Structures are given as C-alpha cells and as structure tokens.
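Observations on the model geometry
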Amino acid sequence: MVEAYDPGNIFAKILRGEIPSHRVYEDDAVVAFMDVMPQGMGHTLVMPKAPSRNILDADPATFGPLFAVVQKVAVAVKKAFDADGVTLMQFNESASGQTVYHLHVHVVPRFEGVPLKPHSGQMEKPEVLAENADKIRAALAS
Ligand code: AMP
C-alpha cells in the first residue's frame, strides 16, 4: 500500500514559498531548484507542482511536463558548468533512498573521473548555490 501524500513535506513548503529555495525554473506545472546538499556542482532538483510522494502514486499526466523540464535543465546544467555528462536520479520510498516525499528528479552535472558525493551529505554555502543558480538561469535563457 502506498502511503498518503503529506502536504507538510519540505518540498511542498518550498512550492508554497514558506521556505526559501534557489529556483532556476518555474512554469505552470514544474519547478526546478538547487539541491542544498549537492552530490556534485550544479546538482538541481526538478519537481512537479502536482502533489504525489513519488512515481508510485503520481498521475501519469505529470510525467510529460516533468521530464520536458528535466531535459531542459539537463541541457542547461551541462552547458552552465561545461560538464562531460549528466546523471539523473529518482528515488521511491525509503528503501530506495528517498528522504523527501514529494516527487522529484535529481539532475547532476558530471565530470570525467569525478565521483558523486554522498546523498544528503554536506550543506553547500548559500552564496555558492546562488552563484550556480545564476549560471543555470543564464544557460536556460540562452
Ligand atoms: P531524495 O532522497 O531523493 O528524497 O532527495 C532529497 C534531496 O533533497 C536530497 O538530495 C537533499 O539534499 C535535498 N534537500 C533536502 N532539503 C532541501 C531543501 N530545503 N532545499 C533543497 N534541497 C533539499
């Protein structure tokens, strides 16, 4: 049985503007923002505005708009950081590694020979997140 969506989760609070985030993209259906504990430079999260815990309970209509933005962000982060590749990650329930229960996709620029840092590891400085968000916004706009 899939658990119910909890509107008190931290990403729901980000969506409602109750806590701050470094947003790089927003449209009617999707928001993208910087991960505060990045596994690599420019680690970005892309989430639908529609509430679901993860892909197990999401309305399939969510995925088209969500993955269109995942692609946009992947292209933008690759360009913004001159990355060699981009890793996507997406976790469903705690056994898989999920820690925040609002559907989201991780978009992480990758560089040859540079391993990913641990998941939910060290908090990045806000000024670094702000600078990286600026670079991604500029790449999205170009
Ligand atoms: P997951 O394990 O897929 O649920 O990942 C949740 C991600 O959210 C982790 O990579 C965390 O570093 C990140 N995270 C947690 N709190 C925040 C926050 N307030 N703003 C941005 N990212 C966050």
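Presented here is an overview of the structure given in this document. Note that this is a predicted model, so its numbers are computed, not measured.

**A short note on the site of the ligand**
The local shell around the ligand holds 18 residues, among which Asp-35, Thr-99, His-104, His-106 and His-119 are the closest. Contacts to the ligand include Val-100, whose backbone N or O atom sits 2.8 Å from an oxygen atom. Its atoms largely coinciding with the cavity grid, the ligand occupies the largest pocket. By residue number, the principal contributor to the shell around the ligand is helix H1 (residues 10-15), which donates three residues. By residue class, the composition of the shell around the ligand is ten nonpolar, seven polar and one charged.

**Things to note about the nonpolar core**
Note that soluble globular proteins tend to have their nonpolar side chains buried in a common cluster. Counting 22 residues, the largest nonpolar core has Val-24, Val-46, Leu-66, Val-73, Val-107 and Ile-136 as the members making the most contacts within it. Broken down by secondary-structure element, the contributors of at least two residues to this core are strand E1 (23-26), strand E2 (30-34), helix H2 (63-80), strand E5 (105-110) and helix H3 (126-141). Of the residues forming this core, the biggest block, seven residues, is contributed by H2. Ile-14, Leu-45, Met-47 and Val-100 belong to the second largest nonpolar core, which has seven residues in total.

**Side note on the layout of surface pockets**
What the largest pocket holds in volume is close to 480 Å³. If you trace the largest pocket, you find 28 residues lining it, with Phe-11, Asp-35, Val-36, Met-37 and Leu-45 closest to the centre. Mapped onto the lining of the largest pocket, the elements with two or more residues apiece are H1, E2 and H3. Looking at which element gives the most residues to the lining of the largest pocket, the answer is H1, with three residues. Residue classes in the lining of the largest pocket are distributed as 15 nonpolar, eleven polar and two charged.

**Some thoughts on the side chain of His-102**
Within the secondary structure, His-102 is located in the loop between strand E4 (85-89) and E5. With a relative accessible area of 0%, His-102 lands in the buried category. Within polar-contact distance, the side chain of His-102 engages the backbone oxygen of Pro-48 at 2.7 Å. Other than its neighbours up to four places away in sequence, His-102 contacts Tyr-5, Asn-9, Phe-11, Leu-15, Met-47, Pro-48, Lys-49, Ala-50, Pro-51, Ser-52 and Arg-53.

The rules behind these values
- Residues numbered from 1 in each chain as written.
- Predicted model: local features only at pLDDT ≥ 70, side-chain atom pairs only at ≥ 80, totals over all residues.
- Heavy atoms only, no water.
- Near = heavy atom within 4 Å.
- Polar contact = N/O pair within 3.5 Å; in protein donor to acceptor, adjacent residues only side chain to side chain.
- 1 Å grid on protein atoms, 1.4 Å probe; cavity = no way out; pocket = protein on both sides within 12 Å on 5 of 7 lines; lining within 4 Å.
- Sits in = over half its atoms within 2 Å of the grid points.
- Helix = DSSP H or I, 4+ residues; strand = E, 2+ residues; numbered from the N terminus.
- Nonpolar A, V, L, I, M, F, W, Y, C, P; charged D, E, K, R; others polar.
- Core = buried A, V, L, I, M, F, W, Y, C linked by side-chain atoms within 4.5 Å.
- Buried < 20%, exposed > 50% of the residue type's maximum accessible area, 1.4 Å probe, protein only.
- Points joined across faces, edges and corners; volume = space filled by probe spheres on them.
- Contact = heavy atoms within 4.5 Å.

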